[in-house]
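Overview (structure and organization)
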Amino acid sequence: MITEKPRIQFTPERLERAREILTHYPEGKQKSALLPLLHLIQEQEGWTSPEAMDYIADFLGIKPIEVYEVATFYTMYHLEPVGKHVIEYCRTGPCMIMGGEEVYAHLKKKIGADDGETSPDNLFTIKPVECLAACGWGPCFQIREKYYTHLTIEKVDEIIDELKK
Amino acid sequence: MKVTIDNITVEVEPGTTILQAARKIGPEIAPPAMCYYEPLKASGGKCRACLVKVTAGSEKDPRPMPKLVPSCITQVQDGMVVENTINQQVLDTRKGIVEFLLINHPLDCPICDQAGECHLQDFAFEHGMQQTRYEEERRTFEKTDLGPNIQLHMTRCILCYRCVFTADQITDGRVHGVLNRGDHAEISTYLEKAIDNDFSGNVIDVCPVGALTDKTYRFKNRVWFTKPVDAHCDCDKCKGDVTLWYRGDEVIRVTARKNQWGEVTAFICNKCRFERKKTSDWVIEGPTKVARHSVISANKYGANKIVPEFARRLAASQYKDVKEGRNLEQLSIQQLPEERFKQLVAPAGESAVAGIRSIQNWADDK
Amino acid sequence: MSSERLKILTANADIPGIETFEVYRKHGGYTAVEKAVKTMTPDAVVEEVKKSGVRGRGGAGFPMGMKWSFLAKPEGVPRYLVCNGDESEPGTFKDHWLMKTIPHLLIEGMIVSSFALGANTSYIYVRGELMYVVKILEKAIAEAKAAGFLGKNILGSGYDLELYVQPGGGAYICGEETALLESLEGKRGNPRNKPPFPAVKGLYQCPTVVNNVESISTTPWIVNNGGEAYAAVGIGRSTGTKLISASGHLKKPGVYEIPLGITVNEFIYSDEWCGGIRDGHHLKAVVAGGSSVPILPAALLLKTANGEDRLMTYESLADGGFATGTMLGSGGFIAMDETSCIVRNTWNFSRFYHHESCGQCSPCREGTGWMEKVLHRIEHGHGSMHDIDLLVDVSKKIEGNTICPLGDAAAWPVASAIRHFRDEFEWHIKFPQEATRPGAVYRGHMELA
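The structure presented is a predicted model; accordingly, all values stated were derived computationally and were not measured.

1. What about the overall build of chain A?
Each helix and strand counted, chain A has 6 helices and 4 strands in total. The N-to-C order of helical and strand elements in chain A reads α-α-α-α-β-α-β-β-β-α. Each principal axis of the C-alpha distribution contributes one length, and for chain A these read about 60 × 35 × 25 Å. Counting across all 165 residues of chain A, residues that qualify as buried make up 56%. Sequence-distant contacts, at least 24 apart, represent 62% of the contacts inside chain A between residues at least 6 apart. Here chain A has roughly 7500 Å² of accessible surface; of this, 51% comes from carbon and sulfur atoms. Each charge class in chain A was averaged separately, 19 positive and 27 negative side chains, and the resulting centres sit 2 Å apart.

2. Concerning the sheet that holds strand β10 (residues 212-214) of chain B
Residue and element names in this part refer to chain B. Within the open sheet, the 3 strands sit side by side as β6-β7-β10. Their pairing is antiparallel. Edge positions in the sheet fall to β6 (144-145) and β10, since each has one partner strand and no second. In the sheet, β6 pairs with strand β7 (residues 150-152) via 2 bridges, with the strands oriented antiparallel. Considered in β7, the bridge of Thr144 is made with Leu152.

3. Description of the packing of aromatic side chains
We describe a pair of aromatic rings using the distance from one ring centre to the other and the angle between the two ring planes. One pass over the structure, following the stated rule, counts 33 aromatic pairs over all chains. Between Trp137 of chain A and Phe93 of chain C, the aromatic rings sit 4.9 Å apart at their centres with planes inclined by 70°, giving edge-to-face as the arrangement. In this pair, Trp137 of chain A sits in the loop between β2 (124-129) and β3 (141-143) while Phe93 of chain C sits in the loop between β1 (80-85) and α5 (94-101), so the two residues belong to two different chains. By the burial criterion, Trp137 of chain A is buried, and Phe93 of chain C matches it. Geometrically, the ring pair formed by Phe21 of chain C and Tyr30 of chain C is tilted, given 5.2 Å between the ring centres and 40° between the ring planes. Residue classification places Phe21 of chain C among the buried positions, given a relative accessible area of 14%. Within the aromatic cluster, the residues linked to one another by ring pairs are Tyr25 of chain A together with Tyr80, Tyr123, Tyr164 and Tyr204 of chain C. Seen from the ring of Phe73 of chain A, Arg181 of chain B lies directly overhead, with NZ or CZ sitting 5.6 Å from the centre.

4. Describing the interface of chain A and chain C
Tallying the contact residues gives 40 residues for chain A and 58 residues for chain C. A buried area of about 3900 Å², summed over both sides, lies between chain A and chain C, and 59% of it is on carbon and sulfur atoms. At the boundary of chain A and chain C, one finds 3 salt bridges. Residue Arg344 of chain C is joined to Glu101 of chain A by a salt bridge in which the shortest nitrogen-to-oxygen separation is 2.7 Å. Taken together, the connections running from chain A to chain C amount to 23 residue pairs in polar contact (both at pLDDT 80 or more). For the side of chain A that touches chain C, the elements supplying multiple residues, two or more each, are α2 (34-45), α4 (64-73) and α5 (93-111) of chain A. Top element by residues in the side of chain A that touches chain C is α5 of chain A. It accounts for 6 residues. Residue composition of the side of chain A that touches chain C, grouped by class: 21 nonpolar, 10 polar and 9 charged.

5. Remarks on the sheet that holds strand β1 (residues 85-90) of chain A
Residues and elements named next belong to chain A. Taken together, 4 strands build an open sheet; the order of strands is β2-β1-β3-β4 and the sheet is mixed. Two strands bound the open sheet, and with one partner strand each, they are β2 and β4 (146-148). The average undirected angle you get between the axes of adjacent strands in this sheet is 25°. Examined bridge by bridge, β3 and β4 share 3 bridges and lie antiparallel to one another. Considered in β4, the bridge of Gln142 is made with Tyr147.

6. A word on the interface of chain A and chain B
The interface of chain A with chain B comprises 13 residues on the first partner and 16 residues on the second. Carbon and sulfur atoms supply 57% of the area buried between chain A and chain B, which totals about 1100 Å² over both sides. Linking chain A with chain B are 1 salt bridge. Across the pair Arg174 of chain B and Glu69 of chain A runs a salt bridge, and its minimum N-O distance is 2.7 Å. Viewed at the interface, chain B and chain A are joined by 4 residue pairs in polar contact (both at pLDDT 80 or more). Within the residue set of the side of chain A that touches chain B, elements represented by two or more residues are α3 (50-60) and α4 of chain A. For the side of chain A that touches chain B, the element with the most residues is α4 of chain A, which contributes 7 residues. Here the residues of the side of chain A that touches chain B sort into 8 nonpolar, 2 polar and 3 charged.

7. Notes on the UniProt feature "binding site: [2Fe-2S] cluster" (unreviewed entry) in chain A
Residues given the UniProt feature "binding site: [2Fe-2S] cluster" (unreviewed entry) here are Cys90, Cys95, Cys131 and Cys135 of chain A. Sequence-wise these annotated residues cover 46 residues; spatially they are packed, their C-alpha atoms never more than 9.2 Å apart. Along the chain, the position of Cys131 of chain A falls in the loop between β2 and β3. By relative accessible area, which is 3% here, Cys131 of chain A ends up buried. Ignoring anything within four residues of it in the chain, the contact list for Cys131 of chain A reads Cys90 and Thr92 of chain A together with Ser88, Glu89, Pro90, Gly91, Arg127 and Phe352 of chain C. Structurally, the position occupied by Cys135 of chain A is in the loop between β2 and β3. Setting aside residues up to four positions removed in sequence, Cys135 of chain A forms contacts with Pro94 of chain A together with Pro90, Gly91, Thr92, Phe93 and Ser247 of chain C.

8. Digging into the environment of Asp114 of chain A
As for its placement among the helices and strands, Asp114 of chain A is situated in the loop between α5 and β2. Excluding its chain neighbours within four sequence positions, the residues that come into contact with Asp114 of chain A are Lys108 and Ile126 of chain A.

Conventions we followed
Residues numbered from 1 in each chain as written. Chains lettered and ligands numbered in written order. Predicted model: local features only at pLDDT ≥ 70, side-chain atom pairs only at ≥ 80, totals over all residues. Heavy atoms only, no water. Helix = DSSP H or I, 4+ residues; strand = E, 2+ residues; numbered from the N terminus. Buried < 20%, exposed > 50% of the residue type's maximum accessible area, 1.4 Å probe, protein only. Contact = heavy atoms within 4.5 Å. Areas by Shrake-Rupley, 256 points an atom, 1.4 Å probe, with all protein chains shown as cover. Lys, Arg positive; Asp, Glu negative; His and termini not counted. Charge placed at Lys NZ, Arg CZ, Asp CG, Glu CD. Pairing = 2+ DSSP bridges. Phe/Tyr/Trp six-rings, centres within 6.5 Å; stacked < 30°, edge-to-face > 60°. Lys NZ or Arg CZ within 6 Å of the ring centre and 35° of its normal. Buried area = accessible area lost by both parts, 1.4 Å probe. Salt bridge = Lys/Arg side-chain N within 4 Å of Asp/Glu carboxyl O. Polar contact = N/O pair within 3.5 Å; in protein donor to acceptor, adjacent residues only side chain to side chain. Nonpolar A, V, L, I, M, F, W, Y, C, P; charged D, E, K, R; others polar. Axes fitted to C-alpha atoms, helices over the stretch in contact; angles between N-to-C directions. UniProt positions renumbered as here; feature names shortened; annotations may be inferred.

Encoded structure:
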């Protein structure tokens, strides 16, 4: 009998990384790896699909609902497919008073997508987020791991044009 | 050790919580509990309905505690002095808690199967205000089924987590949980999975409101028209001790037995709950001693006082007109301030006002 | 910056390559580890930290030495030190800056502190958005380990320590220590009911200390120079230096290490620090300690109600209670000039707390959303006068009645904004068309500085 392969699994390098992460915690506390592993699978798959969550549940030997509960609690896990670049812009007070609202309005217009949407060319997804701990360098947004700070309308144009290339 | 609650001193074992000590004294001074559930480990501390004032921490350290404390999870100390029903701060706070729990809870009691045995209804009657101050849009969800026999009406949920603890502690594979966060949090299986477990039905009994209801009982009757009877059977899955709820000579519902605090004394299996609906399935023990009175069974809803309020809201719900960009249907499920009510309903036309009057008159006659 | 100022955390921050082990070590790094594990007992380290009087830099300001002394030490049960790097309080970005700039300072602090507490496994929990910082720290840990400062038998002392970095998933609430522990256990970040406190039952139900990044980063200096030397800096119970995250309408926003005790006036206007308000504008209001602390109008910020100069200390900023004072909190200093709309800002903060409420307890879950919606209405020209009192009342019903301090944090900005800027709220309600015009600025009575 052939057992069906799960549709999603870690690439060999990520599998190694995942196994290393498991060693961070005492015996029997492997559920602690849940958040890092969800980041890892999302980095691989682009988003956190139900299949990806089921795979992680299986990997950690926990119930799928325990993964759903966690993945829906935190804001960084994309529960829907996203564009190539996810732009997470800070909408909180300190960035707002430094002109964030105008800059972000321009950003949305420029890429042709509103909050939570993906641009028609599937390149950009816009996600408003709360404070990114870069208040003195605002307005700011984040794309994957990179912070873009001191944003102005001109700077947004440059960044987006660069990413479109 | 000794603890004094509302000037009544009682002797309790170490490890007893304030709430348990108060229950020992009696229902008159026991704080309300919307999330705490003694049979479920780790329950409590969330709804904040049972907050009390500790005016003296203990004999040794008689300083008062700075904040109100959740009585359900705070253990008594020897010589502790607690104020519950005699403390204005506690009562004011409780009023606030009712209001918080109600702002996103539909006032659909007239069509809710839980009415009459709803803890939120009782809580609101005891501690709530007649009017709401909430004018914003309410949180609503689609109804979903958790398997063939359980309906989840998330709009009514107050997120007490009891059903989650139940699934964790008395079933062997929890598939539902609390998803999302803040006021978007919801009880769900995420992927609309059915809860398939022999003891899943117990989530219905532990639910303090009408969020989880028994589909085999849905709209069958109002609970205050039914006759509860204790019965047992020889069940290979559970103890088989249940309460049968009769309408005439028909068993329309089976539940676990509950104590005076509304807590299940022995969880029952789904077969007993959903399938054994004939008198011949059971050995009848006798009428259930109803130790806990709901506001309805105690006839506390004076017709003049309450029904017109209810009727007004009900009548307003008939008009789906939208004024000032707000949905009247949404507004109807709250008690509008008189002035706002006139503003919103009067423009809907004479027939609307007439309809309300007729219902009010009907209510006044009752 | 003038050179005579004592810099406890940032003295070497500008040195090129300070993020590497080599450069950090060359400039005196890891001497505290050597001193502690080779020449001191764990209790002696705790004693120095107690003497220093250093207070928790995450916001609550609880004396760190005292927190350490509460740690239960039952036989045969592991103890944990967890560093709180979940910095998410709007206005605060000092930990972010410190971790990315001098990662080894935190690592060194973690080793010294873990040694003091008898922890053999420690974690640095960093908010998930700072994944690049997670990688910086992981690299620093690997370097320190390769040099024998981590792992088994550190410097031949017989003391073992493993240090790991744990990323969060995006949730402000995980900055609350018990929510952080839940998150570290791979769960939703729901704060726990207390007691039991983490010092007794923390991570994996074992005794645990949770300290802020900046707090832990003070320990190498305290070990090297002694607690008394630390306590000699500052005023009264506000000892040492503090990182202030300065943002908003300042000439030079950024992270500054100040000796506690300079005047607020000096901090804002001196060229050594923020350099004043941006050209052509005047200070209207300040949120001095992160979004949750009460907002103060300029006049009350610079001078207390008694007319004394307000100082950058825990005590002075709190002078007058919430009626006329505020809190130092996490040191997130947000300056707003006269172009800022207090109503819009309050709504913005309120939206933040609504968004970040975990939803576990009813006052916070329902109350934060309610306040946000009412504020949204007022800001967008649909408010009525009774809404203002309603907001105050709702905030009071939340405050003090929740499982964790997020309820208070959500209530204070709203209550304080109405307390000090009620006229501006009324203006929005009385003149909605004017107030909702793009770029509209309240021109009523205000004392600017």
